[in-house]
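The residues making up each chain are set out below.
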Amino acid sequence: MGLALPIDPIRVARDRDIEVAAKSASSGGVSGMLIRVGDQFAIAYATHIENDGFKNFCVAHELGHYFLPGHPDAVIQGTNGVHESRAGFTSTDPYEMQADRFAAAFLMPRHLFFPALERAGEGLAAIEGLEMTCKTSLHATAIRYAQCTRELAAIVVSTGSRIDHCFMSEALKNVRGIDWLRKREAVPRGTPTHAFNQDSNNVRKAVRVESTSNLQQWFGGKHNVSISEDMIGLASYGKTLTVLYGIDLPEAEEEEDEAALIESWTPLFRR
Ligand SMILES: [Zn+2]
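Keep in mind that what you see is a predicted model, and the values were worked out from it rather than measured. Along each chain, residues carry numbers from 1 onward, in the same order as the chain's sequence is written. Owing to the predicted nature of the model, reporting of local features is limited to residues with pLDDT of at least 70; listing and counting of side-chain atom pairs is limited to 80 or more, with chain, interface and lining totals taken over all residues. Water and hydrogen atoms were dropped before computing side-chain values, which therefore reflect all heavy atoms in the structure.

### Quick notes on the packing of helix H5 (residues 110–120) against helix H7 (residues 138–148)
Then comes step 1: To obtain each axis, a line is fitted to C-alpha atoms, and for helices this fit is confined to the stretch in contact; angles are then taken between N-to-C directions over 0 to 180 degrees. Note on conventions: DSSP H or I runs of at least 4 residues are helices, E runs of at least 2 residues are strands, and numbering of each starts at the N terminus. With their axes 11 Å apart at the nearest point, H5 and H7 run at an angle of 85° to one another. In terms of orientation, H5 lies roughly perpendicular with respect to H7. Here Arg110, Phe113, Phe114 and Leu117 of H5 come into contact with H7, specifically with Thr141, Arg144, Tyr145, Gln147 and Cys148.
Then comes step 2: A breakdown of the residues in the contact of H5 with H7 according to their chemical character gives five nonpolar, two polar and two charged. Convention used here: angles under 35 degrees read as roughly parallel, angles over 145 as roughly antiparallel, angles from 65 to 115 as roughly perpendicular, and any remaining angle as oblique. Residues are treated as being in contact if the distance between any of their heavy atoms lies within 4.5 Å. Throughout, the ten residues Ala, Val, Leu, Ile, Met, Phe, Trp, Tyr, Cys and Pro are labelled nonpolar, Asp, Glu, Lys and Arg are labelled charged, and all others, Gly among them, are labelled polar.

### Overview of helix H4 (residues 94–107)
Then comes step 1: Look at H4: 20 Å from first C-alpha to last across 14 residues, which is about the 20 Å you get at 1.5 Å a residue.
Then comes step 2: Buried residues along H4 sit against helix H1 (9–15), helix H2 (52–67), helix H3 (71–75), strand E4 (82–85), helix H6 (123–134) and H7.
Then comes step 3: A distance of 2.9 Å separates the backbone nitrogen of tyrosine 95 from a side-chain oxygen at the start of H4, and that oxygen is part of aspartate 93. Expected helix span is taken as 1.5 Å per residue step, with the number of steps being one fewer than the number of residues. Here a polar contact means two N or O atoms within 3.5 Å. Within protein one must be a hydrogen donor candidate and the other an acceptor candidate, and residues neighboring in sequence count only if both atoms are side-chain atoms.

### A word on the coordination of the zinc ion
Then comes step 1: Protein ligation of the zinc ion involves His61 (NE2), His65 (NE2), His83 (NE2), Ser85 (OG), Glu96 (OE) and Glu96 (OE), the donor distances falling in the range 2.0 to 2.7 Å.
Then comes step 2: In the primary sequence, the donor residues of the zinc ion line up as H-x3-H-x17-H-x1-S-x10-E. Taken together, the residues span a long stretch of sequence, with histidine 61 in helix H2 and serine 85 in strand E4 at a distance of 24 residues.
Then comes step 3: Classification of histidine 61 as buried rests on a relative accessible area of 0%.
Then comes step 4: Each residue is assigned to one of three classes by its accessible area relative to the maximum for its type, calculated with a 1.4 Å probe on protein chains only: buried under 20%, partly exposed between the two thresholds, exposed over 50%. Residue serine 85 is classed as buried on the basis of its relative accessible area, which comes to 0%. Because water is not among the atoms used, a metal site may look incomplete, as its donors are only the N, O and S atoms within 2.8 Å, or 3.2 Å for Na, K and Ca.

### Here's the deal with the domain arrangement of the chain
Then comes step 1: Each domain's extent was defined by an automatic or database domain assignment. Looking at the assigned domains, one finds that the chain contains domain 1 (1–149) and domain 2 (151–263).
Then comes step 2: Just the C-alpha atoms count here: the centres of domain 1 and domain 2 sit 26 Å apart.
Then comes step 3: Listed per partner, the contact involves 19 residues of domain 1 and 21 residues of domain 2.
Then comes step 4: Throughout, the accessible surface (probe 1.4 Å) given up by two parts as they are put together, summed over both, is called the buried area. For the pair domain 1 and domain 2, the summed buried surface comes to about 1600 Å²; carbon and sulfur atoms form 69% of the total.
Then comes step 5: In terms of surface lost to domain 2, no three residues of domain 1 exceed Leu124, His139 and Thr149, which account for 33% of the buried area on that side.
Then comes step 6: The rule for a salt bridge is simple: a side-chain nitrogen of Lys or Arg has to be within 4 Å of a carboxyl oxygen of Asp or Glu. Our count for the contact surface shared by domain 1 and domain 2 stands at one salt bridge.
Then comes step 7: A salt bridge links arginine 208 to glutamate 128; the nearest nitrogen and oxygen atoms lie 2.8 Å apart.
Then comes step 8: In this assembly, domain 1 and domain 2 are joined by five residue pairs in polar contact (both at pLDDT 80 or more).
Then comes step 9: For the side of domain 1 that touches domain 2, the element with the most residues is H7, which contributes seven residues.

### Some words on unusual backbone geometry
Then comes step 1: The peptide bond linking leucine 5 to proline 6 adopts the cis configuration, its omega dihedral lying at -5°.
Then comes step 2: Relative to the elements of secondary structure, proline 6 occurs in the segment before H1.
Then comes step 3: Residue aspartate 17 is not a glycine yet carries a positive backbone phi of 60°.
Then comes step 4: Residue placement: aspartate 17 occurs in the loop between H1 and strand E1 (19–23).
Then comes step 5: Backbone geometry places alanine 206, a non-glycine residue, at a positive phi of 50°.
Then comes step 6: Within the element layout of this structure, alanine 206 appears in the loop between helix H10 (200–204) and strand E7 (208–214).
Then comes step 7: Looking at alanine 206, the relative accessible area reads 35%, which means it is partly exposed.

### Description of the sheet that holds strand E5 (residues 154–159)
For sheets, the rule is that strands pair by backbone hydrogen bonds, running either parallel or antiparallel.
Then comes step 1: With respect to topology, five strands assemble into an open sheet ordered E6-E5-E9-E8-E7, the strand pairing being antiparallel. Of all the strands in the sheet, just strand E6 (162–168) and E7 have a single pairing partner and so form its edges. Mean inter-strand twist for the sheet, computed between neighbouring axes without regard to direction, equals 25°. Note on pairing: two strands pair once DSSP finds at least 2 bridges between them.

### What to know about the packing of aromatic side chains
Then comes step 1: In this scheme Phe, Tyr and Trp rings, the latter by its six-membered ring, pair at centre separations within 6.5 Å, and the angle between planes marks the pair as stacked below 30 degrees, edge-to-face above 60, and tilted otherwise. Tallying each qualifying case throughout the model produces six aromatic pairs.
Then comes step 2: For the pair tyrosine 66 and phenylalanine 67, a centre-to-centre distance of 5.1 Å together with 80° between the ring planes defines the contact as edge-to-face.
Then comes step 3: Assessed through its relative accessible area of 22%, tyrosine 66 is described here as partly exposed.
Then comes step 4: What makes phenylalanine 67 partly exposed here is its relative accessible area of 26%.
Then comes step 5: Members of the aromatic cluster, each reached through a chain of ring pairs, are Phe41, Tyr66, Phe67, Phe102 and Phe106.

Right under this line is the structure:
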């Protein structure tokens, strides 16, 4: 496999004698297919996909079904030998979710992605730069950014007034007293994303905005600090991607949190 970014999933497939081709799907929303004829596998990506980054993501998703233990037998149904995928972190099917996670890790392996991330800076601009470096979808890159960054950050995907999902960085998860954003919760009123989503043209035209809001508006808690909030319309998904970052907690409060944490552990060591 490749030692440098971008990873080319089509090359990896062909090295395994897996044919890769464009194919029209039998139903809407299908991103690609894994096809098995006897012992031979083939991968197809849907013909409507024009974005090379998303195409790579879709091929990597099919490679997930090929490589992950149990997947070929589980996902290829009946005698027609075809699995139709809905790649892109929208399906709730566990096999689809696993293949999406595989695709993100395959195209953005941590040991290559992390150094690139350290050079890329912060926020949406960093994610856009990493998208170019990794040649994958903006959405998948944003998720990987939230998984790998050392900073306090989160990405939120929303449709209108509803949150579809939120990925918080490890550092942000460790801040005490903030709420987790849940699927199907409302986008908080008063935030730039809430205003952005009032006009569906913003999503359709892939409008891009850099703004600011407050940590409390999104996550509640006691930290009344200003944060950066960037957003862009993901036109082909009909959704909005928001990046929350630039979160500087007062040092005293961080220390206080740490002291409280140590105190909460101490009784474990007492007789
Ligand atoms: Zn699939």
